[in-house]
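Structural features, examined
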Amino acid sequence: MASRTYPGRCLVSKNDTTKRKAKTEIIKALKADRAEEKKPQSWLVLFTGEGMPEYWIYLLVDRKATLKDIDKKLRAVWLECCGHLSSFKIAGRDYESFPEGAFLDVVESMETGVDGIFCDGLTGEHIYDYGSTTYLDFKVISKLPYRTKKGYDVEIVARNKMPEALCSVCGKEATIICLECLYEGSDSYLFCDECYEEHECDEGMQLPVVNSPRCGVCAYEGGLDDDMC
Ligand SMILES: [Zn+2]
Ligand SMILES: [Zn+2]
Ligand SMILES: [Zn+2]
């Protein structure tokens, strides 16, 4: 099982860190890497898999960015499988990816700018896919006087390392999820490449083991590598 320290990596300094220590590491790394502006330029925001604390990312969000820009980044790194709908729930309001289909008064568009919504300590939820839903929690950590890296309005500045997943046959690192076994409720649904060769289930019913809270869900096959974040 994953340890309680939830190991990860700061993508600015390239140093190893943990979920708990990441904020300090990120601020230290930004200070060393970038010019300090007179006014706050960005928001530091932590996203975590709901009920899956081992999956976490820190985003640096340009103050001119919208919720849609964050949604795009979350999809790219953790979520996108078949273009499902998504939304943010913040302070009792819904901000949806396609608000024209909505029937509730409280629904707004994701094109809303973050600066009008975010404040220190604000928490909320992101929802991807109303069928096989992946829920993420988020918390706005603080405003920072540093810009996001060039060409990015939302930058992943730290993320968890791949949580340990072991082959149910031989105990080596697992690479494949057998969906037939998973859907049948078996505990033995993770396999390494070699053991999966010998496995009897339908080969079409497999997904790769990937670093995301959507691992093994719908048709999810993985997202951004660290150097694309
Ligand atoms: Zn899907
Ligand atoms: Zn194996
Ligand atoms: Zn199977």
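Everything that follows concerns the structure shown earlier in this document.
**Overview of the overall build of the protein**
Within the protein one finds four helices and 13 strands. Rg of the C-alpha trace for the protein: 19 Å, near the compact-globule value of 17 Å for 229 residues, within the 12% margin. Along the first, second and third principal axes, the C-alpha atoms of the protein reach 60 × 45 × 30 Å. Split into buried and exposed, the 229 residues of the protein put 47% on the buried side. A fraction of 60% describes how many contacts in the protein between residues 6 or more apart in sequence connect residues 24 or more apart. Carbon and sulfur atoms provide 49% of the accessible area of the protein, an area that totals close to 12,000 Å².

**A few points about a nonpolar patch on the surface**
A cluster of nonpolar side chains, contributed by Leu85, Phe98 and Tyr130, occupies part of the molecular surface with about 300 Å² of accessible area. By the secondary structure assignment, tyrosine 130 is in the loop between strand S8 (123-128) and strand S9 (134-144). Overall, the relative accessible area of 43% leaves tyrosine 130 in the partly exposed class.

**Examining the coordination of the zinc ion (ligand 3)**
For the zinc ion (ligand 3), the full set of protein donor atoms is Cys178 (SG), Cys181 (SG), His199 (NE2) and Cys201 (SG), and the range of their distances to it is 2.0 to 2.3 Å. For the zinc ion (ligand 3), the single-chain donor residues occur in sequence as C-x2-C-x17-H-x1-C. With a gap of 21 residues between them, cysteine 178 in strand S11 (residues 176-178) and histidine 199 in the loop between helix H4 (193-198) and strand S13 (206-208) connect regions that are remote in the sequence.

**Thoughts on the coordination of the zinc ion (ligand 1)**
Distances from the zinc ion (ligand 1) to its protein donors, Cys81 (SG), Cys82 (SG), His84 (NE2) and Cys218 (SG), fall within 2.1 to 2.4 Å. For the zinc ion (ligand 1), the four donor atoms are set out with angles of 100 to 116 degrees between them, so the coordination reads as tetrahedral. For the zinc ion (ligand 1), the donor residues sit on a single chain with the sequence spacing C-C-x1-H-x133-C. Note on cysteine 81: relative accessible area 21%, which makes it partly exposed.

**Digging into the pairing of strand S4 (residues 52-62)**
Put simply, side chains in a regular strand alternate between the two faces of the sheet. Most of S4 is tucked away, with eight of its 11 residues classed as buried. With eight bridges joining them, strand S3 (residues 42-49) and S4 adopt antiparallel strand pairing. The partner of glycine 49 across the bridge, within S4, is methionine 52. Between S3 and S4, which pair antiparallel and follow one another directly, the connecting turn spans two residues, one of which, glycine 51, has a positive phi of 75 degrees. With five bridges connecting them, S4 and strand S10 (residues 154-160) associate as antiparallel partners. Bridged to leucine 59 within S10 is isoleucine 156.

Basis of the calculations
- Residues numbered from 1 in each chain as written.
- Chains lettered and ligands numbered in written order.
- Predicted model: local features only at pLDDT ≥ 70, side-chain atom pairs only at ≥ 80, totals over all residues.
- Heavy atoms only, no water.
- Helix = DSSP H or I, 4+ residues; strand = E, 2+ residues; numbered from the N terminus.
- Rg over C-alpha atoms; globule rule 2.2 N^0.38 Å.
- Buried < 20%, exposed > 50% of the residue type's maximum accessible area, 1.4 Å probe, protein only.
- Contact = heavy atoms within 4.5 Å.
- Areas by Shrake-Rupley, 256 points an atom, 1.4 Å probe, with all protein chains shown as cover.
- Patch = residues over 30% accessible without salt bridge, like charges linked within 9 Å, V, L, I, M, F, W, Y side chains within 5 Å.
- Salt bridge = Lys/Arg side-chain N within 4 Å of Asp/Glu carboxyl O.
- Donors = N, O, S within 2.8 Å, 3.2 Å for Na, K, Ca; no water.
- Tetrahedral: all angles 85-135°; square planar, octahedral: opposite > 155°, others 65-115°.
- Pairing = 2+ DSSP bridges.

Purely spatial values, then, with no claim about function.
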